[in-house]
Every structure is written in structure tokens, then in C-alpha cells.
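Below, each chain spelled out in residue letters.
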Amino acid sequence: MYIHYPWCRALCPYCDFPVLVARGEPPHRAYLDAVLGELHERAAEVDGRTLRSIYLGGGTPSLWEPACIAELVAAVARRWQAAVATLEITVEANPADCTPERMAAWRAGGVGRLSIGVQSWEAADLAALGRDHAMGDGPTAIARARAAGFDVVSADLILGAPGVARDACVAPPSVAAAVASGVEHLSVYELTIEPATAFGKRARAGSLQVLPEDDLARLYEVTHHALVAAGYEHYEVSSYARPGRQAVHNSLYWQGAEYLGLGLGAASFVRDPDAAGGAVRRVNTRKLAAYLAGGPHRVGEETHLTAHEVGTDQLWLAMRTSAGAPSVDLGEVGVWLLAGGLGEVRGDRICPTLRGFLFADQIASRVVSMRTGPR
Ligand code: SF4
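Residues numbered from 1 in each chain as written. Predicted model: local features only at pLDDT ≥ 70, side-chain atom pairs only at ≥ 80, totals over all residues.

Scanning the chain for helices and strands turns up 15 helices and 17 strands. For the chain, the C-alpha radius of gyration of 21 Å lies close to 21 Å, the compact-globule estimate for 375 residues. With respect to the three principal axes, the spread of C-alpha positions in the chain is 50 × 50 × 45 Å. Here the chain holds 375 residues, and the buried ones make up 38% of them. (Helix = DSSP H or I, 4+ residues; strand = E, 2+ residues; numbered from the N terminus. Rg over C-alpha atoms; globule rule 2.2 N^0.38 Å. Buried ≥ 20, exposed ≤ 12 C-beta atoms within 10 Å, placed from the backbone.)

And the structure:
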């Protein structure tokens, strides 16, 4: 189960997510009622399935009243007759929201995994990224999360803040600081400049000093080596975890599991009982008024996928993970991966090398074009 909470205090200049900027207090209760309404209307789509995880993403779900989160978690667990303690329940949190009171309320509501948007342990990076939290908020949030007894604390880290001078052959100081903080999980992203963002605009105007692509790739590599040396497993393009602490929710997604997405702009993936092996991908509207109105107004886009299309998506998703994909399914792409040093054989699978992780998007395009033929 994915639940989207769309509000943020401010729009980060690199953000391309479905986000609303909170002017004053967001409508906590009204939004909860709308999400509960969607839950009751749509739960039957995934009746009979086992609920494994609930992920509250955003936006900034840590802005939501913790009582609303607790009520929603309880309603979802009840609907699938699951004991809250058996589920992986994650909340994405802005460091600035991580007060001891909120943490205690999240824990009491069943949240066991906190994903904190630290982004960097360096003030210059945070300023360059236009983040609304200050240096010190991230480490404080992690320390408080430890004290509050979360099962897993994860931190996000962004590589390549614009305009910050960096020796690309050395892991940024944030990497050692993240390891020292004791987080069980790290999500490491290379900064990408999306066209429809403030950074995109500045890049087009030539006023954004972005790190050259080769330097960014080198930073990714040295970060990988530092984290692996510190005992983290690199299990997906952007994801590192202490052994046994991989994210259940995200791993299910990469393995092609079904998920119901509730909330503004949320995406769902549900097997279609009418199409052998096919599925329906649905994305909710990004318009708040339409979402709050409920019913058919909530649907933004619905795509019916054939079994072949589902198989294609599963293949490229699998190649974003360290487990890779069966050689037999990859066919000629497997040959291309091995020849280019992008993949290596492990048993009957081909798994991405570090270079393969760096070229994950190109691998995905190759998988898609191999399975759909020349256009
Ligand atoms: S906090 Fe996250 S979701 Fe919100 S604007 Fe910034 S990057 Fe986007």
C-alpha cells in the first residue's frame, strides 16, 4: 500500500514530484477523509491479497498530523485483517519535523521505519539544493529516531549539489558521516536536472553550475566503494542497506508485486483478472479539488498492460536490482550487457555490475526496445 501526502513547506528547486506548497496548515482531516474514502471504494481491487507494507511518501508526510497517520494505518491494517506489528510501515520525514513528540506518536501508530530526507551533512550542499532544513537538523533527526526505537532508520543522500566544488575521486564527507550516524539504510541519488523545475530553468539559462556527468559518475562509484567497505549492501541502483535491512516495500515493487496507491497523484499496479498475465496501471489525478471530490474524479489515467508489457517492465526493473534477471529472459540484451561490462553471470541470472547500475536507464531502454522491436 502506497499513500501519497502531497504537501511540502516549500518547493525544492530540483523537485519533479506531485507536490503542493502548504500555505498555512494543510487540510489534515479533509485529506484523511478523502484517502479513507478512496480506501473503502478501491480495497476490493486487491481483495484476497496479503498486505505486507504501508509506505507514506510525498510530498512531506511528516507534516501530516500524526493522529491522521495512525488512523489511516489502523484502517488499512483492519481492512486486510493484518496485525500492524507484522507490517513494514514507513514514513518519509523532513528532518525539521522530527521532534521527539512526533516520533513517539509515529511509533505509537505502528510506524517502524523512518526515511529521513537528510540529503547532505554539509551546509554548502543544503544551501545549494535549496533545502528548508539546516545543517544539524538531519543528524539530530537520526539521533532522535534511534532514541525513539525505530526498527530501521534510512537517510536520503544527494550527490552533485550544483556549484559546490568537489574532488570527484573522493567520497563526499557526507558518506562517512552517514555511516557514523548508524543508519541501517541509505538512498543515494545523483542530482538530476528535470526540465520543469527551477533548476531546469536555471540550467537552460546557463546560470546553474552542474557537476560534469563524468564527475557525477565517479562520485557515485567512490560512494559505492565507501559504503560497501563500511558493510552496506548495494541492492538497488540507489539503495544500500545493512544485511537484512533492505526495504520490503520497495523490494516488492521491484519484484513486480501488486500495489494499491492512495492519495493525490498516487500510482497503483493491479493484476487484471480479465487479461491472463496482464495488469492495470492507474495514476490518480494531480488536481486537489478533483481528488477531494472523490469517485471517478480521482482517476487521472488508467493503462491496461498486456502480459508481454508487464514482463518487459519486470525485466528492466529487475535489472535495477543486484539480483538481476534470468539470462533466458534477457536474451540478446544479456549478450550486450556482458560484452559491455554492464552485467555479470551469477548462476542462471545476469546481474548488473557497478557500471551496469550507472547505466540503468540505458539498460531499461535497451530491454524495452528489444521486446517491442524497432519503432
Ligand atoms: S521536500 Fe521532497 S517532495 Fe517536497 S519539494 Fe522538496 S524534494 Fe519535493
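From this point, the discussion proceeds with the structure in view.
Taken domain by domain, the chain holds domain 1 (2-252) and domain 2 (314-375). Placing the centre of domain 1 and that of domain 2 at their C-alpha centroids yields a distance of 27 Å. Contacts between the two partners involve eight residues from domain 1 and, on the opposite side, seven residues from domain 2. Among the elements that make up the side of domain 1 that touches domain 2, the one with the highest residue count is helix 8 (residues 213-229) (four residues). In terms of residue class, the side of domain 1 that touches domain 2 is made up of four nonpolar, two polar and two charged. (Domains from an automatic or database assignment. Contact = placed C-beta atoms within 7 Å. Nonpolar A, V, L, I, M, F, W, Y, C, P; charged D, E, K, R; others polar.)

Direction vectors running N to C along helix 1 (residues 28-42) and helix 2 (residues 66-79) enclose 10 degrees, while the axes themselves pass 10 Å from each other. As far as their axial angle goes, helix 2 and helix 1 are roughly parallel. Together, His-28, Arg-29, Leu-32, Val-35, Leu-36 and Leu-39 of helix 1 and Cys-68, Glu-71, Leu-72, Ala-75, Val-76 and Arg-79 of helix 2 make up the contact between the two elements. For the contact of helix 1 with helix 2, the per-class residue count stands at eight nonpolar, one polar and three charged. (Axes fitted to C-alpha atoms, helices over the stretch in contact; angles between N-to-C directions. Parallel < 35°, antiparallel > 145°, perpendicular 65-115°, else oblique.)

Every residue near the ligand is listed here: Cys-8, Leu-11, Cys-12, Cys-15, Phe-17, Val-19, Gly-58, Gly-59 and Thr-60. Residue composition of the shell around the ligand, by class: six nonpolar, three polar and no charged. (Near = placed C-beta within 6 Å.)

Ile-3, Ile-54, Ile-116, Ala-145 and Leu-186 are the most contacted members of the largest nonpolar core, which has 77 residues in total. Looking at this core element by element, the count peaks at six residues for strand 7 (residues 152-159). Three or more residues apiece are contributed to this core by two domains, here domain 1 (2-252) and domain 2 (314-375). Those residues in contact with Ile-3 that sit more than four places away from it in its chain are Val-35, Ile-54, Leu-56, Leu-72, Leu-262 and Gly-263. (Core = buried A, V, L, I, M, F, W, Y, C linked by C-beta atoms within 7 Å.)

Residues that lie three or four places apart on an α-helix share one face, since the helix turns once every 3.6 residues. For helix 5 (residues 137-148), with twelve residues, the first-to-last C-alpha span of 16 Å sits near the 16 Å given by 1.5 Å per residue. Of the positions making up helix 5, those classed as buried are Asp-137, Gly-138, Ala-141, Ile-142, Arg-144 and Ala-145. Down the axis of helix 5, the buried set is contained in an arc of 165 degrees. They therefore lie on one face. Where the residues of helix 5 are buried, they touch strand 5 (88-93), helix 3 (100-108), strand 6 (113-119), strand 7 and helix 6 (173-181). Phi for Gly-149, located one or two positions after helix 5, is positive at around 85 degrees. (Expected span 1.5 Å × (residues − 1). Arc of directions from axis to C-beta.)

Moving on, we get to the packing of helix 11 (residues 307-318) against helix 15 (residues 360-372). As a packed pair, helix 11 and helix 15 sit with axes 9 Å apart at the nearest point and diverge in direction by 155 degrees. Relative to helix 15, the element helix 11 is oriented roughly antiparallel. Considering the relative orientation of helix 11 and helix 15, their crossing is right-handed. Contacts from Thr-312, Leu-315 and Trp-316 of helix 11 reach helix 15 at Ile-363, Ala-364, Val-367, Val-368 and Arg-371. Across the contact of helix 11 with helix 15, the residue classes tally to six nonpolar, one polar and one charged. (Left-handed = near helix turned anticlockwise from the far one by under 90°.)

Relative to strand 13 (residues 279-284), strand 12 (residues 267-271) runs antiparallel, the two sharing five bridges. Within strand 13, the residue paired with Val-270 across the bridge is Val-280. (Pairing = 2+ DSSP bridges.)

Between its first and last C-alpha, helix 15 extends 18 Å over 13 residues, near the 18 Å set by a 1.5 Å rise per residue. Among all positions in helix 15, only Ile-363, Arg-366 and Val-367 are buried. One side of helix 15 holds all its buried residues, which, seen down the axis, span an arc of 100 degrees. In helix 15, the exposed positions angled more than 90 degrees off the buried face are occupied by Asp-361, Gln-362, Ser-365 and Thr-372. For helix 15, the elements touching its buried residues are helix 11, helix 13 (332-339) and helix 14 (354-358).

Right, let's talk about the sheet that holds strand 12 for a bit. Reading across from one edge, 12-13-14 is the order of the three strands in this open sheet, with antiparallel pairing throughout. On the outer flanks of this sheet lie strand 12 and strand 14 (299-305), each paired with one strand and no other. Across this sheet, the average inter-strand angle for adjacent strands is 15 degrees, counted without regard to direction.

A word on the environment of Ser-187. Note that Ser-187 resides in strand 8 (residues 185-190). Considered as a pair, Ser-187 and Ala-155 are 32 residues apart in the sequence and their alpha carbons are 6.3 Å apart. Excluding anything up to four places from it in sequence, Ser-187 contacts Ser-154, Asp-156, Ser-238 and Ser-239.

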